[in-house]
Amino acid sequence: METADDLEIFLIATPGLEAPLCAEALERGFAQARTVKGGVVCHGGWPEVWRANLELRGANKVLVRLGSFPAVHLAQLDKRARKFPWARYLRADVPVKVEASSRKSRIYHAGAARQRIERAISESLGAPISSEGTIRVLLRIEKDICTLSVDSSGEPLHKRGHKPAVAKAPMRETMAAMFLRECGFDGTEPVLDPMCGSGTFVIEAAEIALGLPPGRSRSFAFEKLAKFDHALWHNMQLGANAHETQLIFRGSDRNAGAIEASIANADEAGIGHVTRFQQYSVSDIKPPEGSTGLVIVNPPYGARIGDEKRLRSLYGSLGNVLIKRFKGWRVGIVTTTPGLARATRLPLLPPGPIVDHGGTKIRLYRTGPLE
Ligand SMILES: C[S@@+](CC[C@H](N)C(=O)[O-])C[C@H]1O[C@@H](n2cnc3c(N)ncnc32)[C@H](O)[C@@H]1O
């Protein structure tokens, strides 16, 4: 089992976006970050756990592994759970929710295993157990090894805490940030999203350019864990490396409600001074004056049979306007099928990995600078 200063930290990735999350974690100085199925593992103390929640744009959750032990029947699990040093991690006054899963193990009844953990926490620590608990403790049993983890994030991290308005079919912030990274965006070039919806790509890009940490506006479950140090956390938040940018990040959409939502979201995020949103149909977009940069867009996918045919002409107009007017710009398109991507007639590079967006399989299609 790890000591308090050498925790195994598991960053949950969007399936398919493990590699850019690992690159981000390494760039941010998370020790020994490496990709594993479903995420990235790194090591550190509690301050690293807090920093991962504050700074990493691509993690959906930050879990901390509390310990592992073998157990082949419920009585053994019960005994180990009662001896577990819960007070090192949890607070007696904060309600806990326990979730359990079991795979290829002699303890196959996840519900019964969950009850053993719940009873151990409530009887040995005194913390209340509730399905609405602030703190989520996870028990995973795999091949007779029980692993206990705690969710240090609480609400999923794509909820940045500064998005009052949501338009139709929004892209999750964590995914948008990783797609920007996959397009080579590092905050030093302008970005334009011509179908911006609620403005997710534009707002993530502006925040990256300004060096604003994604978790600056929200609270986290770790604030209610035993090892939380308020003063240290406050300093970490203040120490975040914000800077100015001369760049402007733009979005347009044909839908007036989308533009209103984007403006409200950018203002709430405190980045309205470096963003511009305008109501345009995609066929009317023009590149802004100044240096070239990145066009990134997720056009409508269409969920029903027959939609693809209808959408091809929209993708065709998008490609047409980009080829005609956006010389020197790179393009990133997030969509479902190769047919839709090809309908743009853009010179596409080999596509990125398949990414699971809540059950819909999507991919990033990129170009180099357009000639
Ligand atoms: C999948 S949503 C984009 C979601 C966005 N990335 C976000 O995170 O909220 C597609 C957007 O394309 C816009 N759209 C569809 N046809 C368009 C057109 N011809 N010109 C401009 N925008 C269009 C829709 O209004 C919608 O907001």
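All figures in this text were calculated on a predicted structure; none of them were measured in a lab. (Residues numbered from 1 in each chain as written. Predicted model: local features only at pLDDT ≥ 70, side-chain atom pairs only at ≥ 80, totals over all residues. Heavy atoms only, no water.)

### A short note on the packing of aromatic side chains
Under the defined criterion, the tally for this structure stands at 10 aromatic pairs. Members of the aromatic cluster, joined through ring pairs, are Trp50, Phe220, Phe222, Phe228 and Trp233. (Phe/Tyr/Trp six-rings, centres within 6.5 Å; stacked < 30°, edge-to-face > 60°.)

### Here we look at the sheet that holds strand 9 (residues 249-253)
Taking strand neighbours across the sheet as the criterion, the seven strands line up as 10-9-8-11-12-14-13 in an open arrangement whose pairing is mixed. The open sheet is flanked by strand 10 (275-279) and strand 13 (355-357), the only strands paired with a single partner. Strand after strand, the sheet turns through a mean of 20° between neighbouring axes, direction not considered. This element, helix 8 (residues 256-268), spans strand 9 and strand 10 of the sheet and lies at about 165° to strand 10. (Pairing = 2+ DSSP bridges. Helix = DSSP H or I, 4+ residues; strand = E, 2+ residues; numbered from the N terminus. Axes fitted to C-alpha atoms, helices over the stretch in contact; angles between N-to-C directions. Contact = heavy atoms within 4.5 Å.)

### Here's the deal with the nonpolar core
Counting 108 residues, the largest nonpolar core has Leu11, Val137 and Phe179 as its most contacted members. The dominant element in this core, judged by the number of residues it contributes, is helix 6 (residues 200-210), at seven residues. The contact partners of Val137, leaving out residues within four places of it in the chain, are Trp86, Leu90, Val96, Lys97, Val98, Glu99, Ile117, Ile121, Leu148, Ser149 and Val150. (Core = buried A, V, L, I, M, F, W, Y, C linked by side-chain atoms within 4.5 Å. Buried < 20%, exposed > 50% of the residue type's maximum accessible area, 1.4 Å probe, protein only.)

### Things to note about the domain arrangement of the chain
Domain parsing of the chain yields domain 1 (7-151) and domain 2 (173-213 + 242-366). For domain 1 and domain 2, the distance between their C-alpha centroids amounts to 35 Å. Each side of the interface is counted separately: domain 1 has 14 residues, and domain 2 has 17 residues. On the domain 1 side of the contact with domain 2, Leu17, Pro20 and Arg57 bury the most area, a combined 52% of that side's loss. (Domains from an automatic or database assignment. Buried area = accessible area lost by both parts, 1.4 Å probe.)

### Looking at the state of the cysteines
Defined simply, a disulfide is a covalent bond joining two cysteines at their sulfur atoms. Inspection of every chain in the model, using the stated rule, returns zero disulfides. Of all cysteine sulfurs, the one in Cys22 lies closest to Cys42, which takes part in no disulfide; the gap is 8.7 Å. Overall, Cys42 belongs to the buried group, its relative accessible area being 0%. Free cysteine: Cys183, not disulfide-bonded; nearest cysteine sulfur from Cys196 at 17 Å. In this structure Cys183 comes out as buried when scored by relative accessible area, which is 7%. (Disulfide = S-S within 2.5 Å.)

### Observations concerning the side chain of Glu55
Positionally, Glu55 belongs in helix 2 (residues 46-55). With relative accessibility at 16%, the residue Glu55 sits in the buried group. Sequence-distant contacts of Glu55, that is, excluding residues within four places in its chain, are made with Glu24, Arg28 and Pro214.

### So, the site of the ligand
Around the ligand, a shell composed of 18 residues is seen, among which Ser198, Thr200, Asp253, Val282 and Asn298 lie nearest. Note that an oxygen atom of the ligand is positioned 2.7 Å from one of the side-chain N or O atoms of Ser198. At a separation of 2.7 Å, an oxygen atom of the ligand approaches a polar side-chain atom of Asp253. Burial of the ligand by the protein chains amounts to 93% of its free accessible area of 610 Å². Looking at the shell around the ligand residue by residue, the classes come out as 10 nonpolar, six polar and two charged. (Near = heavy atom within 4 Å. Polar contact = N/O pair within 3.5 Å; in protein donor to acceptor, adjacent residues only side chain to side chain. Areas by Shrake-Rupley, 256 points an atom, 1.4 Å probe, with all protein chains shown as cover. Nonpolar A, V, L, I, M, F, W, Y, C, P; charged D, E, K, R; others polar.)

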